[in-house]
Amino acid sequence: MQRVFYTWEWQKTWWEAYEPGDLWILVCHDEGAPVGLAPLFVSEGETGRSVQIIGCVDVTDYLDFIVAEGRMDAVYTAFADYLSNHRAEFDHLDFCNIPFDSPTRRILPSLLADRGFETAVEQQEVCPVIELPASWSSYLSLLDKKQRHEVRRKMRRLQGSEQSTDWYIVNGGQDLTEEVSQFVRLMAASDPEKERFLQDAGNLRFFKTIVPLMQKRGWLQLTFLTIGDERAAAYMNFIYENRVMVYNSGHAHQDFGDFSPGIVLLAYNIRHAIEQGFTHYDFLRGDEAYKYRMGGRDTAVMNIRAS
């Protein structure tokens, strides 16, 4: 399964924002045609020289090798041979954020072990995902009775407010720079950890570069909930193939907490995804409780280590 984090646009932007080491990109060809790509780099750290996948670890939720269907065994064997033949150039391999269903997890560790590597495959984190049904009412029926009542109650409460309320998806009619600035403001206000994240120059540089690029490619879904004249909540989602991926969010809980703006906007986004025919609503990495209350079910991302 391809994901937006594997694209040239994402990986190039990440590399230019952070440049954490030396590029080491492996490409496997068959009669001149590329059939496999391992976008790697080598970095120096406290534990020595580490080979990682471009994007690892914090701002990217899924990572993987890119291998043509039908060529899995041959390509992974070639990559394992290369890594084995160049062991003097690194101390260990550390491949993070590998989806559990990836052939990289299934095939690569045993090939490395056969070549004398000590390997370990461990669950790194979870990505709760909703398999979206065909209708909003069917989605609500997936929730437990209490949560179904809470979602409906919060939506009615906001809609019954004396203040005007609305929500919108940013498109060509808005000033993207201004909308991103407002999103950053809400993101920082919603969580001290997010505020610290945005204070890092590399993170902020990456964030402000990747957003307009995703918009240009048609992969960005930036949504806002307004109460009165103020933006009360926002979600930054990526849409790629049949998936909506919740990359980050923010809300003004101090001013509008009584209206649960984050949950209400999330409900609007899920309903919109169903109406648009998406099949999966992916909350990405993290086991925050609201993801499960809204119907998420765990999928695992793995870490492959070898030395």
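Undergrad: An account of the overall build of the protein chain is requested, with residue identities and associated values reported.
TA: Looking only at helices and strands, the protein chain features 11 helices and 12 strands. Counting every position in the protein chain, which comprises 307 residues, the buried fraction comes to 52%. Approximately 14600 Å² of the protein chain is accessible, and the part contributed by carbon and sulfur atoms is 46%. For the protein chain, the distance from the average site of its 31 positive side-chain charges to the average site of its 44 negative ones is 7 Å.

Undergrad: Describe the packing of aromatic side chains, with residues and values.
TA: Applying the stated criterion across every chain yields a total of 26 aromatic pairs. Members of the aromatic cluster, each reached through a chain of ring pairs, are F5, W10, W14, W15, Y18, F41, Y62, F206, F238 and Y247. It is R3 that lies over the ring of Y62; its NZ or CZ is 4.0 Å from the centre. Over the ring of W136 we find R271, and its NZ or CZ is 5.7 Å from the ring centre.

Undergrad: An account of the side chain of D94 is needed here, citing residue identities and associated values.
TA: Positionally, D94 belongs in strand β5 (residues 92-99). Among the residues examined, D94 registers a relative accessible area of 16% and is labelled buried. Apart from residues no more than four positions distant in its own chain, D94 is found in contact with S50, V51, Q52, I53, N303, I304 and R305.

Undergrad: Which residues make up unusual backbone geometry, and what values go with them?
TA: V57 follows C56 through a cis peptide bond whose omega is 15 degrees. Tracing the backbone shows V57 in the loop between β3 (48-53) and β4 (66-67). Residue E31 is not a glycine yet carries a positive backbone phi of 50 degrees. When you line up the elements, E31 lands in the loop between β1 (22-30) and β2 (33-45). Looking at E31, the relative accessible area reads 82%, which means it is exposed.

Undergrad: Before we move on, could you go through the pattern of salt bridges and cite the residues and values that matter?
TA: Across all of its chains, the model carries 14 salt bridges by this definition. Of the charged contacts, one joins D91 and R49 as a salt bridge, the two residues approaching to 3.2 Å between their closest N and O atoms. Here R49 lies in strand β3 and D91 lies in the loop between α2 (72-85) and β5, a separation of 42 residues in the sequence. Within the structure, one salt-bridge network assembled from shared partners comprises D61, E125 and R285.

Undergrad: Go over the pairing of β5 with me, naming the residues and quoting the values.
TA: Where a strand is regular, its side chains alternate between the two sheet faces. Across the 8 residues of β5, 8 count as buried, placing the element largely inside the fold. Across 2 bridges, β3 lies against β5 in parallel orientation. The partner of V51 across the bridge, within β5, is L93. In the sheet, β5 pairs with strand β12 (residues 297-306) via 5 bridges, with the strands oriented antiparallel. When the bridges of β12 are listed, P99 appears paired with V301.

Rules used in this analysis
- Per chain, residues are indexed from 1 in the order of the written sequence.
- For a predicted model such as this one, the threshold for reporting local features is a pLDDT of at least 70, and the threshold for listing and counting side-chain atom pairs is 80 or more; totals across whole chains, interfaces and linings nevertheless cover every residue.
- Side-chain measures here rest on the full set of heavy atoms in the structure, leaving out hydrogens and waters.
- Where helices and strands are cited, they refer to DSSP runs of H or I of at least four residues and of E of at least two residues respectively, numbered from the N terminus.
- Type-normalised accessible area, obtained with a 1.4 Å probe on protein chains alone, sets the label of each residue: buried when under 20%, exposed when over 50%, and partly exposed for intermediate values.
- Note on areas: Shrake-Rupley, 1.4 Å probe, and residue coverage restricted to the protein chains presented here.
- Under this rule, positive means Lys or Arg and negative means Asp or Glu; His and the chain ends count for nothing.
- Charge placement uses NZ in Lys and CZ in Arg. For Asp and Glu, CG and CD serve respectively.
- Any Phe, Tyr or Trp ring, taking Trp's six-membered ring, that has another such ring centre within 6.5 Å forms a pair; planes under 30 degrees apart are called stacked, those over 60 apart edge-to-face, and the others tilted.
- The criterion for a charge sitting over a ring is simple: Lys NZ or Arg CZ within 6 Å of the ring centre, and within 35 degrees of the ring normal.
- Two residues form a contact once any of their heavy atoms are found within 4.5 Å.
- Criterion for a salt bridge: a side-chain nitrogen of Lys or Arg within 4 Å of a carboxyl oxygen of Asp or Glu.
- Pairing between strands is defined by DSSP: at least two bridges between them are needed.

Purely geometric stuff here, so don't read any function into it on its own.
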